[in-house]
Amino acid sequence: IGAGIDLYYSQAIRHEMSESGSGFAHLNNICVKSTNNSYTKEGLLLFDHGDDLEIEFELNFKKEIANPAVKIVILNKELFPVANCYSEFDEYKIKKTEDSQLIRLLIPDLQLNSGVYSITIAVIDTHSTEILLRKDNCTFFQVMTSYTSWSYFNLKGKWSDCSHN
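These remarks concern the structure in this document. (Residues numbered from 1 in each chain as written. Predicted model: local features only at pLDDT ≥ 70, side-chain atom pairs only at ≥ 80, totals over all residues. Heavy atoms only, no water.)

**Overview of the nonpolar core**
As a reminder, the rule being used: Side-chain atoms within 4.5 Å link the members of a nonpolar core, which is a set of buried Ala, Val, Leu, Ile, Met, Phe, Trp, Tyr and Cys residues. A simple rule labels every residue: compare its accessible area, found with a 1.4 Å probe on the protein chains alone, to the largest value its type can have, and call it buried under 20%, exposed over 50%, or partly exposed in between. Only DSSP runs of H or I reaching four residues or more are called helices, and only runs of E reaching two or more are called strands; each is numbered from the N terminus. Only heavy atoms matter for contacts: two residues are in contact if any of them lie within 4.5 Å across the pair.
Counting residues in each nonpolar core, the largest one holds 31 residues, and the members touching the most others are Phe 57, Leu 59, Val 70, Ile 121, Val 123 and Phe 141. For this core, the secondary structure elements donating two or more residues are β2 (25-33), β4 (45-48), β5 (53-61), β6 (68-76), β7 (81-86), β8 (100-107), β9 (115-125) and β10 (131-144). Residues contacting Val 70, with those up to four places away along its chain left out, are Phe 57, Leu 59, Cys 85, Tyr 86, Ser 87, Ile 94, Ile 103, Ile 121, Ala 122 and Val 123.

Given below as structure tokens:
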């Protein structure tokens with residue numbers, strides 16, 4: 001069943017890239033890497049469940065933006081946001097020493113289920129909460145698993161036996 005689900009998702013219709021926001025930030029490029037950097041025959045970057053997700057991207061900022069923050073959103077093929085990673089939550093401050101900033105984000109042990117996913121990048125001014133840039137569907141990738149699940153992602157827990165025998 002899992003292989004059939006993976007085949008279905010690999011043939012999913014890709015949504016168009018779109019851009020919105022005030023225009024005070026610009027995404028120059030984005031590069032996404034998986035642990036094994038393999039690809040499907042359709043050209044999608046392929047992840048096994050539990051692989052590391054690495055995203056490297058370059059942003060340009062206008063001089064008047066002093067405190068930008070970045071939010072990476074992972075959406076499923078139905079465009080439902082299933083996970084996000086916000087630089088402010090991780091206490092990462094963008095060191096804007098030049099007009100452009102190269103940023104790398106590592107998300108270890110990706111716990112998404114089988115499916116095709118897209119990445120949206122949003123750049124926000126933390127003082128005014130203005131959206132400087134929102135780039136939807138920057139890139140796509142596929143996750144493959146060997147089991148069936150009904151959730152969007154999995155949680156890792158610490159299991160133990162509590163019996164008193």
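Next, the rest of the story.
**Some remarks on a nonpolar patch on the surface**
Spelled out, the test is: Surface patches are drawn from residues lacking salt bridges whose relative accessible area is over 30%; two like charges belong together within 9 Å, two nonpolar side chains (Val, Leu, Ile, Met, Phe, Trp, Tyr) within 5 Å. Computed with a 1.4 Å probe, the accessible areas rest on the Shrake-Rupley method; for each residue, only the protein chains presented here act as cover. Salt bridges are identified by distance alone: a Lys or Arg side-chain nitrogen within 4 Å of an Asp or Glu carboxyl oxygen.
On the surface, Phe 80, Tyr 152, Phe 153 and Leu 155 cluster together into a nonpolar patch covering about 450 Å² of accessible area. Examined against the element boundaries, Tyr 152 turns out to sit in the segment after β10.

**Points about the sheet that holds β8**
How we decide: When DSSP finds two or more bridges between two strands, those strands count as paired. Lines fitted to C-alpha atoms define the axes, with helix axes restricted to the stretch in contact, and inter-axis angles between N-to-C directions lie between 0 and 180 degrees.
As summarised here, the arrangement of the 3 strands in space is β2-β5-β8, forming an open sheet in which the pairing is antiparallel. What marks the edges here is a single partner per strand, and that holds for β2 and β8. On average, each strand axis in the sheet is tilted by 20 degrees relative to the strand beside it, whichever way the strands run. Alignment of β2 against β5, held across 8 bridges, turns out to be antiparallel. Directly across from Asn 29, in β5, lies its bridge partner Glu 58.

**Considerations on the side chain of Asp 51**
Heads up, the condition is: Whenever a nitrogen or oxygen atom comes within 3.5 Å of another N or O atom, the pair is scored as a polar contact, on the condition that within protein one atom can donate a hydrogen and the other can accept it, and that pairs from neighbouring residues in sequence are kept only if both atoms are in side chains.
Turning to its location among the elements, Asp 51 is positioned in the loop between β4 and β5. A polar atom in the side chain of Asp 51 sits 2.9 Å from the backbone nitrogen of Asp 48. Ignoring anything within four residues of it in the chain, the contact list for Asp 51 reads Ser 34, Thr 35, Asn 36, Leu 46, Ile 107, Pro 108, Asp 109 and Leu 110.

**Some remarks on the pairing of β5**
In this structure, β5 lies alongside β8, joined through 8 bridges in antiparallel fashion. Paired with Leu 53 across the strands is Ile 107, a residue of β8.

**Digging into the pairing of β10**
With 10 of its 14 residues buried, β10 lies for the most part within the structure. The pairing of strand β1 (residues 18-20) with β10 spans 3 bridges and is antiparallel. Bridging across to β10, Ser 18 finds its partner in Asp 136. Examined bridge by bridge, β4 and β10 share 4 bridges and lie parallel to one another. Directly across from Asp 48, in β10, lies its bridge partner Met 144. Summarising the sheet, β9 and β10 pair through 9 bridges and their orientation is antiparallel. When the bridges of β10 are listed, Tyr 117 appears paired with Phe 141. If you look at the hairpin formed by β9 and β10, you'll find 5 residues sitting between the two strands, and Thr 129 has a positive phi there, around 60 degrees.

**Considering the environment of Asn 84**
Tracing the backbone through its elements, the reader meets Asn 84 in strand β7. For the pair formed by Asn 84 and Val 73, sequence separation is 11 residues and the distance between their alpha carbons is 4.3 Å.

**So, the pattern of salt bridges**
Tallied over the full model, the rule gives 7 salt bridges. Here Glu 19 ties to Lys 135 by a salt bridge, and the two come within 3.0 Å at their closest N and O atoms. With a gap of 116 residues between them, Glu 19 in strand β1 and Lys 135 in strand β10 connect regions that are remote in the sequence. Relative accessible area serves as the criterion here: at 45%, Glu 19 is assigned to the partly exposed category. Residue class for Lys 135 comes out buried when judged on its relative accessible area of 12%. Across the pair Lys 77 and Glu 78 runs a salt bridge whose closest N-O atoms are separated by 3.8 Å. One salt-bridge network, in which partners are shared between bridges, spans Glu 54, Glu 56 and Arg 104.

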